[in-house]
Amino acid sequence: MKTQYAMVIDLKKCVGCGACALACKTENNTALRKNGQTYNWADFLHETTGKFPDTTYKTLPVLCNHCSNAPCVEACPVEPKAMYKTPDGITMHNDERCIGCRACQEACPYSMEEVRRDGEYGEYSVISYNEEGEPTHPFYKDNRELIQGCTSSGIDTARAVGATPPHRTLYDHPDYEDVRRPNIVEKCIFCEHRVRKGKLPYCVEACPAGARIFGDINEPKSEVSKLLNKHKSKVLKPEEGTKPNVYYIREYGVKG
Amino acid sequence: MKIKRRDFLKLSAATGAAATVFKKPVLNAFAETKKKSVLGEREGKWKPSTCQGCTTWCPVEIFVQDGRAVKVRGNRYSKQNDGKVCPRGHLSLQQVYDPDRLKVPMKRTNPQKGRGIDPQFVPISWDEALNTIADKMMELRHAGEPEKFALMRGRYTYLRDIIYDVMPKVFGSPNNISHSSTCAEAEKFGSFYTEGYWAYRDYDLDKTKYLLVWGCDPVSSNRMVPASIKKLGDVIDRATVAVVDPKMNNTSAKAHEWLPVLPGTDGALALGIAHVMLTEGIWYKDFVGDFKDGKNRFKAAQEVDETTFQEKESHGVVKWWNIAVKDMTPQKAAELSGVSFDQIVRVAKGMAKAAPNVCVWMGPGCAMHVRGGYSAMAVHALAGLTGGTDNEGGSLQTAKIPVNKLDKDLLKTFQDDLAKKHSKMKKIDQRGYLNLPAISKGKSGGGVATNNAANGILNKDPYEIKMLVGYMNNFAFSCNGTERWEKALSSVPFIVHLTTNASEFTQFADIVLPCVVNKYEKYGFVKTKANRYATCTLLQPVIEPVWDVITDETEFPFLLSEKLKERGFPNLYDALTTMYADPETGRKAKNAKEFTEYALKYYTAPLWDGKKDSHGDKINGWEDMKNRGMWNSEAYKYKSHWGGKYKTKTGKFEFYSETLKKALGGHAEKHNVDIDKVLEESNYTARGEMAFVPHYEPPHRNGDMKKYPFVFIDYKSRLNREGRSQNCPWYYEFKHVDPGDVSHQDSLKINPVDAQKLGIKDGDKVRISSIGGSGECVAHLWEGVRPGTVAKAYGQGHWAYGRTAAADYAKAKERGINNNTIIPWDIDRLSGSNARNGGQAVVKIEKV
Amino acid sequence: MNEIETKLQQSNGLRLLAACFYEPDPTLFEEEKMCRNISAICADICPQACAAASDMYLALQNSSLQDLQIAHAELFLGPFELKASPYGSTYLEKARRIMGDSTMQVVQLYRKAGLEVDIKEPPDHIVIELEFLSYLFALETEALQNSESTQVAKLRAEQKVFQERYLLPWMPEFIENMKKGTENNFYLALADCLEKFLCQLTVPDQSIPTYECNGTQKYAAATAY
């Protein structure tokens, strides 16, 4: 059977700390929020229910679901498609072919064209768009100095170390760049540049709780398969028929 | 640059036939990359250092590509974090590459000082900066008043000895003021006056059967954060987890029990739990002992005859019962603390059932109160009652880290008469005054009272401070009662600040020196512990510093000593070069860089020089030490202090603290008063024997609750790298990982019931005011806080520091409001701690 | 001229123009008939540049090696202020600085094409960038010959990115600087020839505006991502 990469998130182990999402930003050099785009390939939803003191609070880590039936791929109008499924079941994005039409963003039930708020209000977006004609990292293009001649500036810092962003992690991949250019969309690609080298997606590697488990769901001996056999699992918006490959097992809190 | 291949100038010909093999053009400026598929991470190296974003002090590794720091993970050798870091680890990349870092020394050109007054900083050379500082120091010595120099320390490594001890002492000042009491001293008071341990405890999460977390959020902040994150899921599966916190936190969200205690009533709740354990006869008898005849005489409100009880590892349990516990029935505790009777009983019984593998995790929330000392003792006493102290699955002390110490005798040989005499004068924080016992480790005035230094400076008592050097500190932001610090700092004629950013403290400085960002650019070492392992971990420059900066703790004193030597005062230079000669070669340092490495080698040598068994990792020499970056001890041995080996007066775990009795007695004697007077002056209500046992003190609230009807809850964001990560944009983007918080705003959590009464809707701008100060933030309606209380995470509210941290740096306009402005100035006088918890601040909330 | 031949000539032309920016070596240039070849290529695909190419030929005949060396050094080498800095980043990064951000990005493009810089110059030097574009055209020629349409599309996309973001945006100012910075006829003619030659190139995919001879640095912002 062919490979289908998937992620299982063990909510019992997850403590909602944020390390996965931040680690992703350092690995993939994603931009800061602007123009209603978060560029958070990994993010979180939160839910508070009940009345004090019988309050329940939960965190749900979210990312691209790498759907088997991906509406973003369906919607991509270019040929060959910029958004496509790899043989391993990753929903891949090819930067070169992308024309920035954002049809994928519109089609994806886990994306928003404009994110005004955050996970506390149930908002996030898997797919983000880089505005045409705007730098990806304007923070490090800014030449303002707080104290003239004494403090640095964004562009000064980028120049001093020779990269934008200065902490840019350099990697190569035939489909995508380590920093995406303007007028294309971007999203989580399961760190294929790592996976194809036998490493784990960086959010999985970085999760201090061991709550993110990655592997081939079609391989019965894989950890993800075993976990899904052992526990009941959920996916996001099953009613959309997207067949997500990100699964959630167990409850966040003891009290459900 | 020449054309090296003649064929480069030859034309490629069109063949016209598709079958012809295409000849690739000749290259001149290029070569073809060696054949490998272009995929994967570019070359780089993981280099070890240490993260000091919180007090966990994680051994880390940093991935460096092309000389740039690009990623962070835990040190692969660490037995604490298993190669993982918490979110802070990643966040720090935006600190080292902060666009507002200072890149050159600067001086103030506006003599006027005060918040909102532009210092008019201009860049100066290192020489000018150091000359000015040296001249000012020499003035003090010439005037015979070196004590008027003060050194203030913020975040430090253990190379602090050099700037913090050697420099002031050789110069002749007693004033080295640390920030320690901002963090934890009242918490340490709790463990010291019960089990004789003045330090953070370690926690054995792998073996615990009942985890009681009190006044902190281990998966977010406080101690061993990555280890807690890793283990909590398993602990929940295996054991019971109960969390005492006045507001919902990350651990309580996942736990079996959340005990939302009313701020400041922790002592009552702890005694209530103790009451249940004692009256039910379910205390851990192998530790505490039992009635000689086995019949339980602990009955509510009834005194017990001490002679009927035989104790084992503890001391004074019956006395404690008689003095403080017998009347604190669970009903009364429930009434005082707002935690239900049922829950108190359930938790007490659950703990007893799990004994002795009970882990009482006592955090600052139950200790850093105006009257927090006894509250911390009361909580920690539960570790005694359940036998979870120093035991498997409980709270632990530490394994030894055999590093070298500062050679104090050698230091003295570099002090001249002026230095000897003046460095023994009273300190500016007034520790040891009658109303400020600060009885750290049993000694009157033994501990620091950071926040009280503001009073000492303002009142010129015991004398005026004419010159202040601060490093990696920001007391005008990090100490509650910021207004007092602003005034105090405005009154000091000459201030030097060593810092990475132009912080609030910097705004009062005359000379500002740009410094290294510790995790990435600094040499140092720290000692820490977690999971039964003690660790020594190095800070190392994994990249070349981004700017022309110096290392605060070593290079600054060295460079300054050269300047002082030029001015006829060679003592500091001689002290530094002699005390910190290279331990391998005996060579004296010739420059600041060499000095830094020699000093680090001096301290850490026993870990790597192979001379003695370090009882931990075997490390082969200095290069090996630098490559690994850390050393682990052997696992800590359980019950190391059982059998009468606690460092208390009795050698036992003291429910009746003979240790505290002696300490308070010593302080009273020094001032020629009785202990009751000491407690009265220290703002405590206990009198008589009550002073020597863990007990309930009614919370002290600063402000009239009629005018300020809400109790304010302060806590730490899991993204706080102390007060230093607020210039990082990621901090705001992911602020919602703090429960009840919203990204890109300073959220005041208010219960919907209260909000409705005030006509406040979610997302409304509100003004929060106390007797200490006032400011604007955004209301978030949330069921995670009790009606009558409001909660806000510490961190935001900077009016300086940088473009992201402040709303407008140039206009000193804050972004959100600093909790330390809302929390009025106050301290716990017994421990010297800043008092920021326990609901000392009461506030009013108005819609803007 | 069919499509394949045009591409090939464009590739050849760019390579020879790149050669002109190395240290002048009139003997080598003469032996390899460089100027004549440039003229021939221009006649084929870029008639506008023919005059400039002839001027180059004449100027090379009439200049001494020393004149050429002096002019070359003043324009591109220093030690004093460079009259026409040959580094893209000088123009693309606002504060004039070598090894800026755009430099990092061109290196990535080279790497993607399977190349690494093999001379001791920063990767955004004019000779390197011109040679790179020449190389991409050569590869396209090959792909066209083999009727590999996917490869052709991929190469055109690469050409487009490289031309629009890295090469063309700084050419007008660089060429202008050359014209202002020297009186040597060879380099004046070279500037003219390069300008016309670049004008003649088409950037693949017309949906985005192409390079304009007198245009300002309208693509400068795009280099900044």
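Per chain, residue numbering runs from 1 following the sequence as it is written. The lettering of chains begins at A and the numbering of ligands begins at 1, in the order of writing. Reporting in this predicted model follows two pLDDT cut-offs: at least 70 for local features of residues, and 80 or more for side-chain atom pairs to be given and counted; totals over whole chains, interfaces and linings ignore these cut-offs and use all residues. Heavy atoms throughout the structure, all of them, feed into the side-chain values; hydrogens and water do not.

1. A word on the overall build of chain B
Put simply, DSSP marks the helices as runs of H or I at least four residues long and the strands as runs of E at least two long, and each gets a number from the N terminus on. For chain B, the count of helices and strands is 29 helices and 33 strands. Expected size for 848 residues packed as a compact globule is a radius of gyration near 29 Å; at 29 Å, chain B falls within 12% of this value. Reported as C-alpha extents along the three principal axes, the dimensions of chain B are approximately 105 × 80 × 65 Å. Note on exposure labels: buried denotes an accessible area under 20% of the residue type's maximum, exposed denotes more than 50%, and partly exposed covers the range between, all computed with a 1.4 Å probe on protein chains only. Here chain B holds 848 residues, and the buried ones make up 69% of them. Across chain B, contacts joining residues at least 24 apart in sequence account for 71% of those joining residues at least 6 apart. For chain B, the accessible area works out to roughly 26,700 Å², and carbon and sulfur atoms hold 49% of it. Under the counting rule used here, the positive set is Lys and Arg, the negative set is Asp and Glu, and His together with the chain ends is not counted. A single reference atom marks each charge: NZ on Lys, CZ on Arg, CG on Asp, CD on Glu. The positive charge centre, built from 124 side chains, and the negative charge centre, built from 100, are 4 Å apart in chain B. Computation of the radius of gyration draws on C-alpha atoms, with the globule rule given as 2.2 Å multiplied by the number of residues to the power 0.38. Pairs of residues are marked as contacts when any of their non-hydrogen atoms sit within 4.5 Å. In short, Shrake-Rupley with a 1.4 Å probe defines the accessible areas, and a residue's cover is counted only from the protein chains shown.

2. A few points about the overall build of chain A
A tally of regular secondary structure across chain A gives seven helices and eleven strands. Taking 18 Å as the expected radius of gyration for a compact globule of 256 residues, we find that chain A reaches 19 Å, a close match to that expectation. Principal axes of the C-alpha set define a box for chain A whose edges measure 60 × 55 × 35 Å. Across the 256 residues that make up chain A, the buried fraction comes to 65%.

3. Structural notes on the interface of chain A and chain B
Many structure descriptions define interface size as the accessible area lost when the parts assemble. If you look at the interface, chain A gives 81 residues, while chain B gives 85 residues. Simply put, the buried area is the total loss of 1.4 Å probe accessible area from both parts when two parts are fitted together. Counting the surface lost from both chain A and chain B, the interface buries some 6,800 Å², and carbon and sulfur atoms represent 60% of this. Here, a salt bridge means any Lys or Arg side-chain nitrogen found within 4 Å of an Asp or Glu carboxyl oxygen. Applying the counting rule to chain A against chain B returns eleven salt bridges. A salt bridge links Arg250(A) to Asp237(B); the nearest nitrogen and oxygen atoms lie 2.9 Å apart.

4. As for the pattern of salt bridges
For the coordinates displayed, the defined rule picks out 85 salt bridges over all chains. The partner of Lys112(C) in a salt bridge is Glu177(A), with the nearest N and O atoms 3.2 Å apart. One end of the pair, Lys112(C), is in helix H7 (residues 101-112); the other, Glu177(A), is in the loop between strand E7 (171-172) and strand E8 (185-186), on a second chain. Judged by its relative accessible area of 15%, Glu177(A) falls in the buried class. A salt bridge links Lys231(B) to Asp206(B); the nearest nitrogen and oxygen atoms lie 2.8 Å apart. A residue pair is termed long-range when its members are at least 10 positions apart, and Lys231(B) in helix H7 (residues 225-238) and Asp206(B) in the loop between strand E10 (202-203) and strand E11 (210-214) qualify at 25 residues. Among the charged side chains, a salt-bridge network with shared partners connects Glu27(A), Arg194(A), Lys199(A), Glu205(A), Glu41(B) and Lys71(B).

5. Let's talk about the sheet that holds strand E23 (residues 533-539) of chain B
Sheet strands pair via backbone hydrogen bonds, and the direction of the pair is either parallel or antiparallel. Residue and element names in this part refer to chain B. Any two strands between which DSSP finds at least two bridges are classified as paired. Across the sheet, which stays open at both edges, the three strands sit in the order E22-E23-E24 with antiparallel pairing between neighbours. Lying at the two open borders of the sheet, with one neighbouring strand each, are strand E22 (524-530) and strand E24 (630-635). Between one strand axis and the next, the sheet turns through 15° on average, direction left out of account. Note that E23 and E24 share four bridges and pair antiparallel. If you follow Cys536 over to E24, its bridge partner there is Trp631. Only the contacting stretch of a helix is used when fitting its axis, a line to C-alpha atoms as for every element, and angles between N-to-C directions run 0 to 180 degrees.

6. Comments concerning helix H7 (residues 223-230) of chain A
All names here are of chain A. Those residues of H7 that fall on the buried side of the exposure criterion are Val224, Ser225, Leu227 and Leu228. Considered in projection along H7, the buried side chains sweep an arc of 165° and stay on one side of the axis. Every exposed residue of H7 that faces more than 90 degrees away from the buried side is listed here: Asn229 and Lys230. The inward-facing, buried residues of H7 abut strand E1 (5-10), strand E9 (212-216), strand E10 (233-234) and strand E11 (246-249). Of all possible arcs, the one meant is that of the directions from the helix axis to the C-beta atoms.

7. Section: the packing of helix H9 (residues 266-279) of chain B against helix H12 (residues 330-337) of chain B
All names here are of chain B. Where H9 contacts H12, the two axes come as close as 8 Å, and the packing angle between them is 165°. Between H9 and H12, the interaxial angle falls into the category roughly antiparallel. As H9 packs across H12, the resulting crossing turns out to be left-handed. Contact residues: Ala268, Leu269, Gly272, His275 and Val276 in H9; Pro330, Ala333, Leu336 and Ser337 in H12. Classifying every residue of the contact of H9 with H12 by side-chain character gives six nonpolar, three polar and no charged. Here the word oblique covers every angle except those under 35 degrees (roughly parallel), over 145 (roughly antiparallel) and from 65 to 115 (roughly perpendicular). Each crossing is labelled by how the near helix is turned from the far one, with a counterclockwise turn of less than a right angle marking it left-handed and a clockwise turn marking it right-handed. Only Asp, Glu, Lys and Arg are considered charged, only Ala, Val, Leu, Ile, Met, Phe, Trp, Tyr, Cys and Pro nonpolar, and every remaining residue, Gly among them, polar.

8. Things to note about the sheet that holds strand E3 (residues 45-51) of chain B
Residue and element names in this part refer to chain B. One open sheet holds the three strands; their spatial order is E3-E4-E5, and the pairing between them is antiparallel. Of all the strands in the sheet, just E3 and strand E5 (68-74) have a single pairing partner and so form its edges. The sheet shows a mean angle of 35° between the axes of neighbouring strands, direction not considered. In this sheet, strand E4 (residues 58-65) lies alongside E3 in antiparallel orientation, the contact comprising seven bridges. The residue of E4 that forms the bridge with Lys47 is Ile62.

9. Observations regarding the state of the cysteines
Pairs of cysteine sulfur atoms within 2.5 Å are what we label disulfides. With the rule as written, the count across this model stands at zero disulfides over all chains. Cysteine Cys150(A) shares no disulfide, and the gap to the nearest cysteine sulfur, in Cys515(B), comes to 15 Å. The cysteine Cys216(B) is free of any disulfide, with Cys366(B) supplying the nearest cysteine sulfur at 7.9 Å. Looking at Cys216(B), the relative accessible area reads 7%, which means it is buried.

10. Topic: unusual backbone geometry
For the bond from Phe52(A) to Pro53(A), the omega torsion is 0°, close enough to zero to count as cis. By the secondary structure assignment, Pro53(A) is in the loop between strand E2 (42-49) and strand E3 (56-63). Its identity as a non-glycine residue notwithstanding, Lys441(B) has a phi of 50°, on the positive side. Of note, Lys441(B) is situated in the loop between helix H16 (417-422) and helix H17 (453-459). In this structure, Asn672(B) is a non-glycine residue whose phi angle is positive, near 60°. Tracing the backbone shows Asn672(B) in the loop between helix H25 (658-671) and helix H26 (675-681). Of the residues examined, Asn672(B) reaches a relative accessible area of 72% and is grouped as exposed.

11. Here we look at a positive patch on the surface
Residue and element names in this part refer to chain B. Positive charge collects at one region of the surface, where Lys408, Lys412, Lys420 and Lys424 lie side by side. Counting through the fold element by element, Lys408 comes out in helix H15 (residues 408-412). For Lys408, a relative accessible area of 53% gives the class exposed. Within this analysis, patches are made of residues with over 30% relative accessible area and no salt bridge. Like charges are joined at 9 Å or less; nonpolar side chains (Val, Leu, Ile, Met, Phe, Trp, Tyr) at 5 Å or less.

12. What to know about the domain arrangement of chain B
Residue and element names in this part refer to chain B. Domain ranges listed in this record stem from an automatic or a database domain assignment. Taken domain by domain, chain B consists of domain 1 (106-183 + 402-425 + 467-633), domain 2 (200-396 + 645-657) and domain 3 (710-847). Put simply, the middle of domain 1 and the middle of domain 2, counted by C-alpha atoms, are 40 Å apart. Contact with domain 1, which involves nine residues of that partner, is made by twelve residues of domain 2. Counting the surface lost from both domain 1 and domain 2, the interface buries some 750 Å², and carbon and sulfur atoms represent 48% of this. Taken together, the links from domain 1 to domain 2 amount to zero salt bridges. Identification of polar contacts relies on pairs of N or O atoms within 3.5 Å, with a donor-acceptor requirement for protein atoms, meaning one able to donate a hydrogen and the other able to accept it, and with residues adjacent in sequence counted only if both atoms are side-chain atoms. Taken together, the connections running from domain 1 to domain 2 amount to three residue pairs in polar contact (both at pLDDT 80 or more). Sorting the residues of the side of domain 1 that touches domain 2 by element identifies helix H5 (180-183) and E22 as the ones contributing at least two each.

13. Let's talk about the nonpolar core
Take the buried Ala, Val, Leu, Ile, Met, Phe, Trp, Tyr and Cys residues and link them wherever side-chain atoms come within 4.5 Å; each set so joined is a nonpolar core. Counting residues in hydrophobic clusters, the biggest one holds 122 residues, and the most contacted among them are Phe190(A), Leu211(B), Tyr520(B) and Ile543(B). Sort the elements by how many residues they give to this core and H7(B) lands first, with six residues. Ignoring any residue separated from it by four or fewer positions in sequence, one finds Phe190(A) in contact with Tyr5(A), Ala6(A), Met7(A), Leu63(A), His66(A), Ile90(A), Val195(A), Pro201(A), Phe214(A) and Val246(A). Counting 81 residues, the second-largest nonpolar core is a separate cluster that includes Phe291(B), Ile344(B), Val347(B) and Ile439(B).

14. Examining the environment of Phe712(B)
Mapping Phe712(B) onto the fold places it in strand E26 (residues 710-716). You can call Phe712(B) buried: its relative accessible area is 2%.

15. What about the interface of chain C and chain B?
The partner chain B presents 31 residues to the 39 residues of chain C that form the contact. Of the roughly 3,500 Å² buried at the junction of chain C and chain B (both faces included), carbon and sulfur atoms supply 60%. Counting the contacts that link chain C with chain B gives five salt bridges. In this structure, Arg5(B) and Asp118(C) form a salt bridge, with 3.6 Å as the shortest nitrogen-oxygen distance. Inspection of the region where chain C meets chain B yields 13 residue pairs in polar contact (both at pLDDT 80 or more). Elements with a minimum of two residues in the side of chain C that touches chain B: helix H1 (3-20), helix H2 (26-31), helix H3 (34-45), H7, strand E1 (115-117) and helix H8 (126-145) of chain C. Residue classes in the side of chain C that touches chain B are distributed as 20 nonpolar, eight polar and eleven charged. Sheet topology places strand E1 (residues 30-32) of chain B next to E1(C); three bridges connect them, and they run antiparallel. By the bridge assignment for E1(C), Ala31(B) is matched with Glu116(C).

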